[in-house]
Amino acid sequence: MDIKSLTSEQRNSASANLDQLSTLELVKLFNSEDGKVTQAIKLELPLIAAAIDVIAHAFQQNGRLIYIGAGTSGRLGVLDASECPPTFGVGHQQVQGIIAGGEAAMFKAQEGAEDDVNASQVDLAKIQLTPQDVVVGIAASGRTPYVIGGLTFANKLGCDTIAISCNNDAPISSIAKIAITPVVGPEVLTGSSRMKAGTAQKLVLNMLSTGAMVRTGKVYQNLMVDVKTSNEKLIIRSENIIMDVTGVARERAQALLVQANQHVKSAILMELNGVDYDTATQQLADNHGFLRQALTS
């Protein structure tokens, strides 16, 4: 494929004199073009919602969410995956990001790694991919061999597959079972898909992971009630959540958190349902981890 035919590789007429603009004119142009991202994503919302439901179902069946990509796309997948354990209290295996070239590619570009169509199969085999897992292939161009190989392998295994690209008629869109395609148009800097395309991919990933966590009981109201108390900020956030939901003062919230072994949901149940820690954990288990249901059961 001649990549020049891709929308993401075409020249943007609005930035034809980019090198002659003042700094303020530069950032105004960047900002104006970035405004096109949310509109492109709006057109894909039904498909994003369908993908969230697929991922949530996989979680309920003990499946995992696996992101695969190269370059910027791969790094965005790793970023989203790495944020899930502290935010939602899930294990590090439940959401994983795999990038072409391995861990080194997170910090230093490994440009040739994306051209190996078989490498992703090897990487997915290393994590013992199963049919219960969902594989999300991320590639702005939609033609990255590493991602094509990974999605193809996942399909053969029986996984649900999702493609995220920023070009119409992308090869990965025809491979995946769900294709999310926010076409954001040519970049301000021709071909630099870390810009609008990268932003679009990041926003879609935010929706996929957060939406699936909401659907599986990791959120109560709009609070991250499964947050891990792994640093001072998150301890304070946990106390604030307990205070917001129960109405208790901070000293009581701190005591509840200790009694609940740093588990926010259990602390809330202990206060509002008037139960001990063991009973609170059982109530959560009986309601598949959904705090709202546990509070009314």
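Here the structure is shown first, and the text comes after it.
Residues numbered from 1 in each chain as written. Predicted model: local features only at pLDDT ≥ 70, side-chain atom pairs only at ≥ 80, totals over all residues. Heavy atoms only, no water.

Observations regarding the side chain of Glu239
So, point 1. Turning to its location among the elements, Glu239 is positioned in helix H8 (residues 232-246).
So, point 2. Every residue in contact with Glu239, bar those within four places of it in the chain, is listed here: Arg250, Ala253, Gln254 and Leu257. (Helix = DSSP H or I, 4+ residues; strand = E, 2+ residues; numbered from the N terminus. Contact = heavy atoms within 4.5 Å.)

Considering the sheet that holds strand E4 (residues 160-164)
Sheets are built from strands that pair by backbone hydrogen bonding, the pairs being arranged parallel or antiparallel.
So, point 1. Taken together, five strands build an open sheet; the order of strands is E2-E1-E3-E4-E5 and the sheet is parallel. Across the chains shown, the open sheet's two edge strands, defined by having one partner strand only, are strand E2 (95-99) and strand E5 (178-180). Taking each pair of neighbouring strands and ignoring which way they run, the sheet shows an average axis angle of 20°.
So, point 2. Relative to E5, E4 runs parallel, the two being bridged by three bridges. The residue of E5 that forms the bridge with Ala163 is Ala179.
So, point 3. Across the sheet, helix H7 (residues 196-215) lies against strand E1 (65-69), E2, strand E3 (134-138), E4 and E5, angled at about 150° from E4, the strand it touches most. (Pairing = 2+ DSSP bridges. Axes fitted to C-alpha atoms, helices over the stretch in contact; angles between N-to-C directions.)

Observations regarding the pairing of E3
So, point 1. Counting buried positions along E3 yields five of five residues, so the element is predominantly enclosed.
So, point 2. Across five bridges, the pairing between E1 and E3 is parallel. Within E3, the position partnered with Ile68 by the bridge is Gly137.
So, point 3. Bridge count between E3 and E4: five bridges; the pairing is parallel. Bridge pairing in E4 places Val136 opposite Ile162.
So, point 4. As for the winding sense of the linkage, the β-α-β connection from E3 through helix H5 (residues 145-157) to E4 is right-handed. (Buried < 20%, exposed > 50% of the residue type's maximum accessible area, 1.4 Å probe, protein only. Right-handed = clockwise from strand over helix to strand, strands pointing away.)

Observations regarding the nonpolar core
So, point 1. In terms of nonpolar packing, the biggest core is built from 34 residues, with Tyr67, Val136, Ile180 and Leu208 touching the most fellow members.
So, point 2. Secondary structure elements with two or more residues in this core: helix H1 (23-42), helix H2 (45-60), E1, helix H3 (71-88), E3, E4, E5 and H7.
So, point 3. Per element, the largest residue contribution to this core is seven residues, and it comes from H7.
So, point 4. If we skip the residues at most four places from it in the chain, Leu208 touches Ile48, Ala51, Ile52, Ile55, Tyr67, Val136, Ile164 and Ile180.
So, point 5. Core analysis: the next-biggest nonpolar cluster, separate from the first, contains 24 residues, Val248, Ala267, Ile268 and Val275 among them. (Core = buried A, V, L, I, M, F, W, Y, C linked by side-chain atoms within 4.5 Å.)

Topic: the environment of Leu76
So, point 1. In this structure, Leu76 sits in helix H3.
So, point 2. You can call Leu76 buried: its relative accessible area is 13%.
So, point 3. When the C-alpha positions of Leu76 and Leu205 are compared, they lie 8.1 Å apart, and in sequence the two are 129 residues distant.
So, point 4. Once residues lying within four places of it in the same chain are set aside, the contact partners of Leu76 are Gly198, Gln201, Lys202 and Leu205.

Examining the environment of Asp160
So, point 1. Considering the arrangement of structural elements, one finds Asp160 in strand E4.
So, point 2. Here the alpha-carbon distance between Asp160 and Ala58, two residues 102 residues apart in the chain, equals 8.8 Å.
So, point 3. Beyond its immediate stretch of four places on either side in the chain, Asp160 contacts Val54, Asp133, Val134, Val135 and Lys177.

Digging into helix H9 (residues 250-259)
So, point 1. Among the residues of H9, those classed as buried are Ala253, Leu256 and Leu257. Buried residues of H9 fall within an arc of 100° about the axis and therefore sit on the same side. H9 presents Glu251 and Val258 as exposed residues on the side facing more than 90 degrees away from its buried surface.
So, point 2. Next to the buried residues of H9 lie H8 and helix H10 (264-272).
So, point 3. Within two residues after H9, Asn261 carries a phi angle of roughly 55°, on the positive side. (Arc of directions from axis to C-beta.)

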